[in-house]
Amino acid sequence: MFTCASCTILACKSGQLDQMPKNCPMQDRAFFDQVVQEYFKEENHDFFLTSTAIEYLGYCRWPRLREVAEFAKRMGYTRLGMGFCVGLHKEAAIVDRVLRKQGFEVVSVACKTGNIPKVDLGYSPDMLLRPGTREAMCNPIAQAELLNRAETQFNICLGLCVGHDSLFYKYSKAPVTTLVAKDRATGHNPAAAIYCADGYFKDRLDPEKP
Ligand code: SF4
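Note that the structure is predicted; figures quoted are calculated from it, not measured. (Residues numbered from 1 in each chain as written. Predicted model: local features only at pLDDT ≥ 70, side-chain atom pairs only at ≥ 80, totals over all residues. Heavy atoms only, no water.)

Q: Would you mind going over the overall build of the protein chain with me for this structure?
A: What the protein chain contains, in helices and strands, is nine helices and four strands. Listed N to C, the secondary structure of the protein chain is α-α-α-α-β-α-β-α-β-α-β-α-α in terms of helices and strands. By principal-axis analysis of the C-alpha atoms, the protein chain measures approximately 65 × 50 × 35 Å. In the protein chain, which comprises 210 residues, the share counted as buried stands at 30%. The contacts of the protein chain with a sequence gap of at least 6 include a subset with a gap of at least 24, amounting to 51%. Of the roughly 14200 Å² that the protein chain leaves accessible, carbon and sulfur atoms contribute 56%. Looking at the protein chain, you have 26 positive and 24 negative side-chain charges, and the mean spots of the two groups are 6 Å apart. (Helix = DSSP H or I, 4+ residues; strand = E, 2+ residues; numbered from the N terminus. Buried < 20%, exposed > 50% of the residue type's maximum accessible area, 1.4 Å probe, protein only. Contact = heavy atoms within 4.5 Å. Areas by Shrake-Rupley, 256 points an atom, 1.4 Å probe, with all protein chains shown as cover. Lys, Arg positive; Asp, Glu negative; His and termini not counted. Charge placed at Lys NZ, Arg CZ, Asp CG, Glu CD.)

Written as structure tokens, this is what we have:
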């Protein structure tokens, strides 16, 4: 089993390969020789080199929104897709404006598209956020399929829920990048709970607590 998350050696970063732990994935050199070939495939090569260059070009200066735009520009994309959460409608409009100003065509689809009640999918009415109302489901598959129809070249995920985002990634034909990760408890900054896991967020991360 690979346990990189608890590794204290980090030979992969330092290059001191003689120090690697026994269960290090790098023990299987042939695997890496094989994987590296994937990057040379036409569909991946430019994509990979461009994303690596973006890291260099805007390192610690460009916010992610700019990185998305710079990446898309360098990849020659002109038509971008955006699957967004209606709770972030205002933010979606800002992203739309920023990207359009730079010459992109932006196709955006809200998560509630279709207005299909959650209960129609077999969801329990007892677990509606507002019981007794027609609470529309999030529809990430429709979001992705509508962007597919519009033939977007690169899709942005803006604040989709955990799992809904996974379906959006799964059904999008174009590659997807996440601009905002939905986290209602932290103002969409999931790292806050990680930074404060031993402090302010300890109780809220405890599965035994409400
Ligand atoms: S790849 Fe190897 S050296 Fe790097 S973190 Fe994982 S176990 Fe540690």
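After that view of the structure, there is still more to cover.
Q: Explain the sheet that holds strand β2 (residues 105-110) here, please?
A: Within a sheet, each strand pairs with its neighbour through backbone hydrogen bonds, oriented either parallel or antiparallel. The strand order across the open sheet built from four strands is β2-β1-β3-β4, with neighbouring strands paired in parallel fashion. The open sheet has two edge strands, β2 and β4 (176-180), and neither has a second partner. Here the average twist between neighbouring strands, direction ignored, is 25 degrees. Here strand β3 (residues 154-158) runs beside β4; their pairing, made up of four bridges, is parallel. Bridge assignment links isoleucine 156 to a residue of β4, and that residue is threonine 177. Against the sheet, helix α7 (residues 164-171) engages β1 (79-84), β3 and β4, with an angle of about 175 degrees to β3. (Pairing = 2+ DSSP bridges. Axes fitted to C-alpha atoms, helices over the stretch in contact; angles between N-to-C directions.)

Q: Quick question: what am I supposed to make of the packing of helix α3 (residues 42-57) against helix α4 (residues 64-75) here?
A: Contact geometry for α3 and α4: axes closest at 10 Å, N-to-C directions at 140 degrees. The angle between α3 and α4 places the two elements in the oblique class. Where α3 crosses over α4, the handedness of that crossing is right-handed. The segment α3 lies against α4, with Asp46, Phe47, Thr50, Ser51, Ile54 and Leu57 engaging Glu67, Glu70, Phe71, Arg74 and Met75. Per-class residue counts for the contact of α3 with α4 are five nonpolar, two polar and four charged. (Parallel < 35°, antiparallel > 145°, perpendicular 65-115°, else oblique. Left-handed = near helix turned anticlockwise from the far one by under 90°. Nonpolar A, V, L, I, M, F, W, Y, C, P; charged D, E, K, R; others polar.)

Q: What's the story with the site of the ligand in this structure? I'm lost.
A: Neighbouring the ligand are the residues Cys4, Cys7, Leu10, Ala11, Cys12, Pro21, Cys24 and Pro25. When its residues are assigned to classes, the shell around the ligand shows eight nonpolar, no polar and no charged. (Near = heavy atom within 4 Å.)

Q: Teacher, can you tell me more about a nonpolar patch on the surface here?
A: Residues Val36, Tyr39, Phe40, Phe48 and Leu49 make up a contiguous nonpolar surface patch of about 460 Å² in total accessible area. Where the nonpolar patch is concerned, the elements lending two or more residues are α2 (29-39) and α3. Considering the arrangement of structural elements, one finds phenylalanine 48 in helix α3. Classification of phenylalanine 48 as partly exposed rests on a relative accessible area of 34%. (Patch = residues over 30% accessible without salt bridge, like charges linked within 9 Å, V, L, I, M, F, W, Y side chains within 5 Å. Salt bridge = Lys/Arg side-chain N within 4 Å of Asp/Glu carboxyl O.)

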